[in-house]
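# Summary of the model geometry
What follows is each chain in one-letter form.
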Amino acid sequence: MKLSWKTLLLWSLPIFVVGFFFWQGFLGPTTTDVGSNIASSRMTYGRFLEYLDMGWVKRVDLYENNHTAIVEAVGPELGNRVQRIRVELPASAPELITKLRKANVDLDAHPPKSTSAIWGLLGNLLFPLVVVGGLAFLFRRSNSASGGPGQAMSFGKSKALFQMEAKTGVVFNDVAGVEEAKEEFQEVVTFLKQPESFTAVGAKIPKGVLLVGPPGTGKTLLAKAIAGEAGVPFFSISGSEFVEMFVGVGASRVRDLFKKAKDNAPCIVFIDEIDAVGRQRGTGVGGGNDEREQTLNQLLTEMDGFEGNTGVIVIAATNRADILDSALLRPGRFDRQVSVDVPDFKGRLAILEVHAKNKKMESQVSLETIARRTPGFSGADLANLLNEAAILTARRRKNAMTMSEIDTSIDRVVAGMEGTPLIDSKSKRLIAYHEVGHAIIGSLLEHHDPVQKVTLIPRGQARGLTWFTPSDDQSLISRSQILARIVGALGGRAAEEVIFGDAEVTTGASNDLQQVTSMARQMVTRFGMSKIGPLSLESQGGDPFLGRGMGGGSEYSDEVATNIDKQVREIVGECYKEAKKIIKDNRVVMDRLVDLLIEKETIEGNEFRDIVKEYTAIPEKNYYISQF
Ligand code: ADP
Ligand code: MG
Ligand code: ZN
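Residues numbered from 1 in each chain as written. Chains lettered and ligands numbered in written order. Predicted model: local features only at pLDDT ≥ 70, side-chain atom pairs only at ≥ 80, totals over all residues. Heavy atoms only, no water.

Near ligand 1 you find 15 residues, and of these Ala176, Gly216, Lys219, Thr220 and His355 are the closest. Here Gly218 contributes a backbone N or O atom positioned 3.1 Å from an oxygen atom of ligand 1. One of the side-chain N or O atoms of Thr220 is found 2.6 Å from an oxygen atom in ligand 1. For ligand 1, whose unbound accessible area comes to 560 Å², protein coverage reaches 78%. Of all the secondary structure elements, the ones that give two or more residues to the shell around ligand 1 are α7 (219–230), α12 (345–356) and α14 (379–395). Of the residues assigned to the shell around ligand 1, the class counts are seven nonpolar, six polar and two charged. (Near = heavy atom within 4 Å. Polar contact = N/O pair within 3.5 Å; in protein donor to acceptor, adjacent residues only side chain to side chain. Areas by Shrake-Rupley, 256 points an atom, 1.4 Å probe, with all protein chains shown as cover. Helix = DSSP H or I, 4+ residues; strand = E, 2+ residues; numbered from the N terminus. Nonpolar A, V, L, I, M, F, W, Y, C, P; charged D, E, K, R; others polar.)

Listed below in structure tokens is the structure:
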């Protein structure tokens, strides 16, 4: 096609008009402030619904005309801490709002921020320039292109949208706390670097490795490190991107991806969130998803289609290996599994060391203390924590980070933003008694984690907080520890009732009660810690396809169900009695602590214990007690 300036002018007028509206429509009012709500992780819409069914979703903020949601969720899969996760919502999901309401989720919609007048004006001026410039570009291209007509116009064609990095620049030393996984992958690096040494003895090089682990534990980082260590290119794509595609595009993308990879072998192909495409086929309420199945089938075909020795190694990541289609796990596909987990104390320390390298810190900052205070934190959480602390340091105009910035950041990551303290009032007194109730029981029970601090400064949803220093090994908990936690969690309500009377108790304890019930129930149904005996009466996960709790709930008779309820009630009842007794016995010291708390707003653990010790003996705890 030969373009002359005359045709160019002729064409530019309608494009101008149409384009102008697009410009206004797309770049004008749709820019929202979703970017300022940084959520480090994402999840698929499907998983979000699962979380909703599990009752893990606490709050949903809608952005971009309800296309994006920032979800605050908490659950065992998320390390029992509030996490902010970004979810892309499908175009029309009106039933979602009803569902969210029913689930009692905090819901807020953020209308688009209208752009300022200057931007509007700038846009108006800029647009003609862009159009004319673009047309001129097309004009030049089509005049000089040797590839024939229409070359520059082919923007309708599906383009491969995977990422390729020639050099990831990440090495194993950047990944910490996952030593076993690193060892396992060391071998993969050797495959990529010296395939001869394996093929010479007739060994087949594995094609696929499945990386399993919760979000933020460094799966992507590890995959990049393998490519970096071996010095090979890194191709990556995310499973959730496939699913958003138009029909047929997912499969063709897989084909493109593998073709490119084979051309660039040796290399690493990384498929993130493979569960988005790789779920068990033919299941799911509301029928299957053809597009997903096609994509998955193409993936399986591609995995079979190349020999292990071509030098392409496919690494896929997921946090739910249990829901993957079994065809994916067959020999010759993802037959190797490497799991990474939320780091333990040593792992956290190692990760903190990696991320502290490029930060300025005062010499008094002890990474060990931080690692102690952060059980359940993933690598991404720890990286985020140090970054938050660094930002805070800059905001406070300090030259180097101190423990104070880190402390503030930990509180913020765990419990949300700090609010303004209540003014002195009756409800402030009640909250103070509630918190001191938790803290005094936490201090006096031998098997309870020690108090780290009590505060009346609200944070997130909580209007006051009592922090405990957890022992590091949270994976093995004894019966007496769970009972102590139940008594401690009931301490808030017990204090309200004992001090203010039955009529004055508040809704402030609802979160505590939820935890109490869940702990007591698990004692009975999962841990065999009740009079029913050592039986497991509920499977942990439930059926992921039917929505948890829907499938396989009734493995026992009604009689057993009644019995479970009875046991749960008995446990909670006993614990509540004990909680009230401790409160009554320690009324004098509690009054003093409450006065102090209202005056100071925060009491550190050591100070708290020193005061309690003046009145009664505190049992020795063999846990580490935080220094600050
Ligand atoms: P995943 O893919 O498992 O969700 P990522 O690899 O994307 O997690 O981790 C996100 C970020 O968190 C990384 O870029 C890194 O900064 C930090 N991180 C996570 N795990 C580790 C780790 N084991 N060692 C060092 N940094 C980590
Ligand atoms: Mg990742
Ligand atoms: Zn409470």
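As a further point, take the coordination of the zinc ion (ligand 3). The zinc ion (ligand 3) binds to the protein through His434 (NE2), His438 (NE2) and Asp512 (OD), with metal-donor distances spanning 2.0 to 2.1 Å. Read N to C, the donor residues that coordinate the zinc ion (ligand 3) are spaced as H-x3-H-x73-D. Taken as a pair, His438 in helix α16 (residues 426–444) and Asp512 in helix α18 (residues 510–525) lie far apart in primary sequence, 74 residues in all. Of the two residues examined, His438 and Asp512, each falls in the buried class. (Donors = N, O, S within 2.8 Å, 3.2 Å for Na, K, Ca; no water. Buried < 20%, exposed > 50% of the residue type's maximum accessible area, 1.4 Å probe, protein only.)

Let's shift gears to unusual backbone geometry. For the peptide bond that leads from Ala265 to Pro266, omega is -5°, which places it in the cis range. Along the chain, Pro266 turns up in the loop between α9 (249–263) and β9 (267–272). Unusually for a residue other than glycine, Glu273 sits at a positive phi of about 50°. By secondary structure assignment, the location of Glu273 is in the loop between β9 and α10 (275–278). Its identity as a non-glycine residue notwithstanding, Glu601 has a phi of 70°, on the positive side. In this structure, Glu601 sits in the loop between α20 (587–600) and β14 (602–604).

The full count for this structure, using the stated rule, is 33 salt bridges. When salt bridges with common partners are traced through the structure, they connect Arg59, Asp61, Asp106 and Asp108 into a single cluster. (Salt bridge = Lys/Arg side-chain N within 4 Å of Asp/Glu carboxyl O.)

This part covers the sheet that holds strand β4 (residues 83–88). Here five strands make up an open sheet; going across it, the order is β1-β4-β3-β2-β5 and the pairing mixed. Looking at strand neighbours, the two that pair on one side only are β1 (41–43) and β5 (106–109), the edges of this open sheet. Across the sheet, the axes of successive neighbouring strands diverge by a mean angle of 25°, strand direction being ignored. (Pairing = 2+ DSSP bridges. Axes fitted to C-alpha atoms, helices over the stretch in contact; angles between N-to-C directions.)

As a further point, take empty space enclosed by the protein. Enumeration over the complete set of coordinates arrives at two cavities of 30 Å³ or more. As a volume, the second largest cavity reaches approximately 30 Å³. Taken together, Leu422, Lys428, Ile431, Leu456 and Arg463 form the lining of the second largest cavity. Grouping the constituent residues of the lining of the second largest cavity by class yields three nonpolar, no polar and two charged. (1 Å grid on protein atoms, 1.4 Å probe; cavity = no way out; pocket = protein on both sides within 12 Å on 5 of 7 lines; lining within 4 Å. Points joined across faces, edges and corners; volume = space filled by probe spheres on them.)

Per-residue confidence for the protein gives a mean pLDDT of 79; residues scoring 70 or more make up 77%. In the model, residues 6–10 has pLDDT below 50 throughout and makes one contact with residues more than four positions away in sequence or in other chains. Here residues 541–552 scores under 50 on pLDDT; set against residues more than four positions off or in separate chains, the count is 20 contacts. (pLDDT = per-residue confidence, 0-100. Contact = heavy atoms within 4.5 Å.)

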